[in-house]
Structure formats: structure tokens, C-alpha cells
Amino acid sequence: MWKGAISFGLVNIPVALYSATRSSGIDFDWLDRRTMDPVGYKRVNKKTGKEVASQDIVRGVEYGHDRYVVLTDDEIESAYPRTTQTIELEAFVDADEIPFVYLERPYYIAPVSRGEKVYALLREALRKSNRVAVARVVIHTKQHLAMLMPCGRSLVLNLMRWGGEVRSSDELNLPPAGEKAAGLREAEMKMALQLVDDMTQKWDADQFRNSFSEEIRKLVETKAREGEVEVVEEEALQADDAESNVVDLTSLLRRSLQGRHKEAPEEEAAKPPRKAASGKSPAPSKTGARRAAAGKKATAASSRAKRKAA
């Protein structure tokens, strides 16, 4: 995902960043039950309900109730952090001091360009001191607070929430800390500890999987094997993916018809009338004569039928 370096003091470790997670969720796409066409979205004016062209959309930040400050693209661009390919280690803290609620998303860090020895040195120093490193890093133009910590043979960079983003629990109605302050009896504590000991086991991530996603996947596989699969046109998906090119079907058909009406006279004018060798209009073909005679007979028969009915 990213290549750069870990920097602290005069030490520079060339590294690469790899995603350490993958989503186990299920993405449900919207489909029209009548046609099995994909259902997308339009950028609409919430007041009028009319679609808004992408060039007419600006970005604003709410400033008080129903009041917004509009920012230009250049103004937003100027606020972006300076992009560097460096994980700047700013401090080392005890591993137990950072509350887990600040942790957001992990990434594996691997050494590149002969950085293995310095990488191992930092990893073992953190492990032996029971410390983690607090760092800043820019990924995809966005600045993140991060924690660098050893995990087995690897270093893990865990993106964190910024200070002020985690709400305080002081406003919650929580029992006081401590056994006596919380009114817990010794017998109750003893039984609770015994229950904890009985349920204690070694950590095995494979025992804890997203059961909903697995059940949905099994259901999809079963229905697919039984032939319960709906066909969704690929062209419709591609058209819907274009955010700013959502075309009203009625307008599209109208333009198509207008185009055909404009082309028809030009095509007829481009074809000169066929003339006979003598300069007279060409005689009708035998097939045309037969059709004309049949038409006259049908007209006469229709007239006789009408007179009889009268």
C-alpha cells in the first residue's frame, strides 16, 4: 500500500506498509425486483428533488444551525498535510498506557532495501522495554496518528483516533471503582474469579468468526447451485457507476428519435431517383403490380360488404 521509512533520531528504516485486515462483511447491492436492473443513486437537491450536475456542487462546512461556510477546492487543498513517505516516531510510551478505544486499524510493516537488521533492532527494543512508539504518518493525503508496536516477528502500525475524538466516560452513570466502593462481597468476588478461571483458554482467532457473513455465503452458494441466479446486465452497472453521467431515460430516447428524424431526409436526398433508359419513370415491377391488384380487390370486397350490411 505504501513505501517509505520509519524515522526516529538519526535512525532511518526503509519499510513497506501492508493491510493487516480484510472485511468479513457482506455487501448487498440494490436491484429492481421487476427487471433485475441495478439501483444506483443520484445527486439530488434535497429541497426540490431535482438532480444536480457535478459542476454545480460545492463543499461547505456547517457553521451554526442551517448556516454553512463554502470552501473552494484550492482552499481545501492548501489545508492538506505535507505528504511525506516517513513514519515519524515522536515518543515512546508504556504499552499499557494507551487505552484500546484509541486503536482503529492495523497495518503490517515489513523491511525493504536491506533494512532487516535495523527493523529487528527496533522491534526487539520495543519488546524488551515494553514500550510502543507514537507516530504521525500521511497515507493517501490524510494525516494519521499511529502506534507502532511489536507483534510476533513483525512490527504493526495501528492507526489511532486523535486526542479529543474519544468521548469521556465521566458523564456515564457507572459504579465506583474498587470492590468495597462498588459494594461487592468477598464470596461474590470468589465465585466470579472461579468462573473466569473455568472459562479461560488460549487465544485462537479461528474460533471467533463473523457467523452472519458465513451463513449468508452458505445460503448464496446453495441457491446458486440450485439455479436461483438472476442475470444483471453489465452495461447497466457500468452506466450507473458514472457518478456525473446519470442520464434520464426519457431524455435519452427523445434525443435518439430526434437524431433518426434528422438523418432520414438526408439519406433519402442522397439517393437519386431511378430512371429508365428512355428517360421516363420506371415501370412498376410484377410484384408491385400484383400487390396493387390485390389491394383493389380487397377495397372492392370491403365496399360490397358494407352495402350488404346497410
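Just so it is clear, the structure is predicted and the values come from calculations on it, not from any experiment.

*Asks:* Is there a simple way to think about the nonpolar core in this case?
*Replies:* When a protein is soluble and globular, its nonpolar side chains tend to lie buried together. Ranked by internal contacts, the top residues of the largest apolar core, which has 21 residues, are I6, I87, I109, L148 and L157. Only β1 (2-8), β2 (11-19), β5 (86-94), β6 (103-111), α2 (116-129), β7 (131-139), β8 (142-151) and β9 (154-160) provide two or more residues apiece to this core. Per-element accounting of this core gives the leading share, 4 residues, to β7. Excluding anything up to four places from it in sequence, I109 contacts I6, V15, A16, L17, I87, Y119, L148, L155 and L157. Listed in part, the 6 residues of the second largest apolar core include I98, L145, M147 and M160.

*Asks:* Where do I start with the pairing of β9 in this structure?
*Replies:* Every regular strand shows the same layout, with side chains that alternate between the two sheet faces. In terms of burial, β9 is a largely internal element, 7 of the 7 residues being buried. Here β9 shows two buried faces, one formed by S154, V156, N158 and M160 and the other by L155, L157 and L159. Relative to β9, β6 runs antiparallel, the two being bridged by 6 bridges. Across the sheet, L103 pairs through a bridge with M160, a residue of β9. Inspection of the sheet shows β8 paired to β9 by 7 bridges, in the antiparallel sense.

*Asks:* When you look at α2 in this model, what are you seeing that I'm missing?
*Replies:* Because an α-helix completes one turn every 3.6 residues, residues spaced three or four positions apart along the sequence face the same direction. A rise of 1.5 Å per residue sets the reference length of α2, with its 14 residues, at 20 Å; its end C-alpha atoms lie 20 Å apart and thus fit the reference within 8%. All buried positions along α2 are accounted for by Y119, L122, R123 and L126. Along α2, the residues classed as buried sweep out an arc of 95° about the axis, all on the same side. Facing away from the buried side of α2 by more than 90 degrees, the exposed set consists of K117, L121 and K128. One or two steps after α2, the chain reaches N130, where phi turns positive at roughly 55°.

*Asks:* Quick question: what am I supposed to make of the environment of T21 here?
*Replies:* Of note, T21 is situated in the loop between β2 and β3 (59-62). Taking the C-alpha atoms as reference, T21 lies 9.3 Å from Y108; in sequence the two are 87 residues apart.

About the cut-offs
- Residues numbered from 1 in each chain as written.
- Predicted model: local features only at pLDDT ≥ 70, side-chain atom pairs only at ≥ 80, totals over all residues.
- Heavy atoms only, no water.
- Core = buried A, V, L, I, M, F, W, Y, C linked by side-chain atoms within 4.5 Å.
- Buried < 20%, exposed > 50% of the residue type's maximum accessible area, 1.4 Å probe, protein only.
- Helix = DSSP H or I, 4+ residues; strand = E, 2+ residues; numbered from the N terminus.
- Contact = heavy atoms within 4.5 Å.
- Pairing = 2+ DSSP bridges.
- Expected span 1.5 Å × (residues − 1).
- Arc of directions from axis to C-beta.

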